[in-house]
Amino acid sequence: MIVTTSELFKHAYGKYAIGAYNINNLEQTMGLFKGNLDSKAPFIVQISKGARAYTHKLMLESLMLTADKIFPDAVFAVHLDHGDEETCMDCIASGVYSSVMIDASHYPIEKNIEITKRVVEAAHAKGIVVEAELGQLKGVEEDVSAAEHVYTKPEEAEYFVKETGIDSLACAIGTSHGAFKFKGEQKLRFDILEEIQRRLPGFPLVMHGSSSVPKDEVDRINAAGGAIKGASGVDASQFRGAAKLGVTKINIDTDGRLVWCRVHREFFRDHPEKFDLRDPGKVFIPEYAKFIANKNELLGSAGQLDACRAACTKR
Ligand code: G3H
Ligand code: 13P
Ligand code: ZN
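**Student:** Can you explain helix H12 (residues 278–299)? Please cite residues and give values.
**Tutor:** Over its 22 residues, H12 extends 31 Å from the first C-alpha to the last, a length consistent with the 32 Å expected when each residue adds 1.5 Å. Where H12 terminates, the next one or two residues include Gly300, which has phi positive at roughly 90°.

**Student:** Can you break down the environment of Tyr159 residue by residue, with the values?
**Tutor:** The residue Tyr159 is located in helix H7 (residues 154–164) in this model. A sequence separation of 142 residues divides Tyr159 from Ala17, and the C-alpha atoms of the two residues are 24 Å apart. Setting aside its immediate chain neighbours within four residues, Tyr159 contacts Ile109, Glu110 and Ile113.

**Student:** So what's going on with the coordination of the zinc ion (ligand 3)? Which residues, and what values?
**Tutor:** Around the zinc ion (ligand 3), the protein contributes the donor atoms His82 (NE2), His177 (NE2) and His208 (ND1), at 2.1 Å from the metal centre. All donors of the zinc ion (ligand 3) belong to a single chain; written as a sequence motif, their spacing is H-x94-H-x30-H. Of the two residues, His177 sits in the loop between strand S8 (168–171) and helix H8 (190–199) while His208 sits in the loop between strand S9 (205–207) and helix H9 (215–223), which places them 31 residues apart along the sequence. The partly exposed category is assigned to His177, whose relative accessible area is 29%.

**Student:** Let's hear about the side chain of His79: which residues, and what values?
**Tutor:** Checked against the element boundaries, His79 lands in strand S3 (residues 76–83). Exposure remark for His79: the relative accessible area of 0% places this residue in the buried category. At 3.3 Å, the side chain of His79 and the side chain of Glu131 are in polar contact. Setting aside its immediate chain neighbours within four residues, His79 contacts Ile44, Val45, Gln46, Ile47, Tyr97, Ser99, Val100, Met101, Glu131 and Lys249.

**Student:** Go over the pattern of salt bridges with me, naming the residues and quoting the values.
**Tutor:** Applying the stated criterion across every chain yields a total of 24 salt bridges. For Arg189, the salt bridge is made with Asp191, and the minimal N-O distance between the two is 2.9 Å. For Arg189, a relative accessible area of 32% gives the class partly exposed. Classification of Asp191 as partly exposed rests on a relative accessible area of 39%.

**Student:** Describe in detail the nonpolar core, supporting the description with residues and values.
**Tutor:** Here is a general trend for soluble globular proteins: nonpolar side chains tend to be buried in one another's company. Core analysis: the biggest nonpolar cluster contains 68 residues, and Phe33, Met64, Phe76, Ile166, Leu169 and Leu193 have the highest contact counts within it. Among all residues touching Ile166, those that are not within four sequence positions of it are Thr116, Val120, Val130, Ala132, Phe160, Val161 and Phe203.

**Student:** A description of the pairing of S8 should follow, citing residues and the corresponding values.
**Tutor:** Sheet faces and side chains relate simply in a regular strand, where the side chains alternate between the two faces. Residue alternation in S8 divides its side chains into two sets, Ser168 and Ala170 and Leu169 and Cys171, and both sets are buried. The sheet contact formed by strand S5 (residues 129–134) and S8 spans 4 bridges and is parallel. Residue pairing in the sheet places Glu133 in a bridge with Ala170 of S8. Note: S8 against S9, 2 bridges, orientation parallel. Each residue of the ladder has a partner; that of Ala170, found in S9, is Val206. Note on the crossover from S8 through H8 to S9: the handedness is right-handed.

The rules we used
- Along each chain, residues carry numbers from 1 onward, in the same order as the chain's sequence is written.
- Chain letters and ligand numbers both follow the written order, the letters beginning at A and the numbers at 1.
- Selection of residues for local features in this predicted model requires a pLDDT of at least 70, selection of side-chain atom pairs for listing and counting requires 80 or more, and totals for whole chains, interfaces and linings are taken over all residues.
- As a rule here, side-chain values come from all non-hydrogen atoms in the structure, and water together with hydrogens is ignored.
- Labels follow the DSSP assignment, with helices taken as runs of H or I lasting at least four residues and strands as runs of E lasting at least two, numbered in each case from the N terminus.
- The span one expects for a helix is its residue count, reduced by one, times 1.5 Å.
- Residue contacts are defined here by distance: any two heavy atoms, one from each residue, within 4.5 Å place the two residues in contact.
- Note that water is not among the atoms considered, so a metal site may appear incomplete; the donors listed are N, O and S atoms within 2.8 Å of the metal, with 3.2 Å applied to Na, K and Ca.
- Classification of residues uses two cut-offs on accessible area relative to the type maximum, computed with a 1.4 Å probe and protein chains only: under 20% is buried, over 50% is exposed, and between them is partly exposed.
- Here a polar contact means two N or O atoms within 3.5 Å. Within protein one must be a hydrogen donor candidate and the other an acceptor candidate, and residues neighboring in sequence count only if both atoms are side-chain atoms.
- A pair is scored as a salt bridge if a Lys or Arg side-chain nitrogen falls within 4 Å of a carboxyl oxygen belonging to Asp or Glu.
- Among buried residues, those of type Ala, Val, Leu, Ile, Met, Phe, Trp, Tyr and Cys that are joined through side-chain atoms within 4.5 Å constitute a nonpolar core.
- Think of it this way: DSSP has to see at least two bridges between two strands before they count as a pair.
- Crossover handedness is defined here as right-handed if the route from the first strand over the helix to the second strand goes clockwise, with the strands pointing away from the viewer.

Here it is as structure tokens:
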């Protein structure tokens, strides 16, 4: 059942966070749906601009519609990750997406508001909800790169949410995209979340760049021929604390890429005679499902599926 992210957030707020997982292909989609059903979790499927461009934008949309048919128990949102205005408008028109993210966070706040408002108006007219971002994650986001963290300012967050009418807000609190998040100790600014929650009680917040980049995963990749050096991620024991402070959506992409990389490197190392793409795929799908189910335990979304379904309205 495809629902909006807002429906999911109503059930999760203050109790747990929903996993928002990026997909790019068929095997990932199969593993994703299986993992969420195995762990009885509602979830968000994220499709980035890059994922839309990888084959054809309609490919992943049709996978979503098919997955909805073959997994009738799944409760999920189909969400555009880091959209620009043009891509948001395209997804709003598609009839498949239930949620879009407009990422105009690299513009000055007034321009961010102007763009975000146009997307909110178009989305809400079709029953689609909108995530926007204020502050900037260090590193690359939506083709734009920031040399340092630009932390979200709580007073601006309050103003931004009221001006734009958005449904959820991505906040920059010290995470970043990719596999190289921290040099030395990780510092997440939970004080910023606390202050935003005080100013916007009950309003759903989003944490991007939340992969954990597990050391054992990276070690296995490197032992199978990889060369990933100095990688580090977010300590997953932080998720529950973030959820209490209003974080209802936690974005994870990199960790799934690491699972894919580890499975395929180990598979071809151990089976140099094989060349059928389905052979590693058959290993990857259940491994990916296991990875998703484990994440959902950490997020607190595991076991929430039935209660969430009962509380949610289909889009
Ligand atoms: O935030 C970015 C996501 O990890 C998506 O990455 O743009 O390479 O698909 P991508
Ligand atoms: P990671 O790179 O930490 O997985 O973050 C993904 C993300 O924020 C997608 O929007
Ligand atoms: Zn992101």
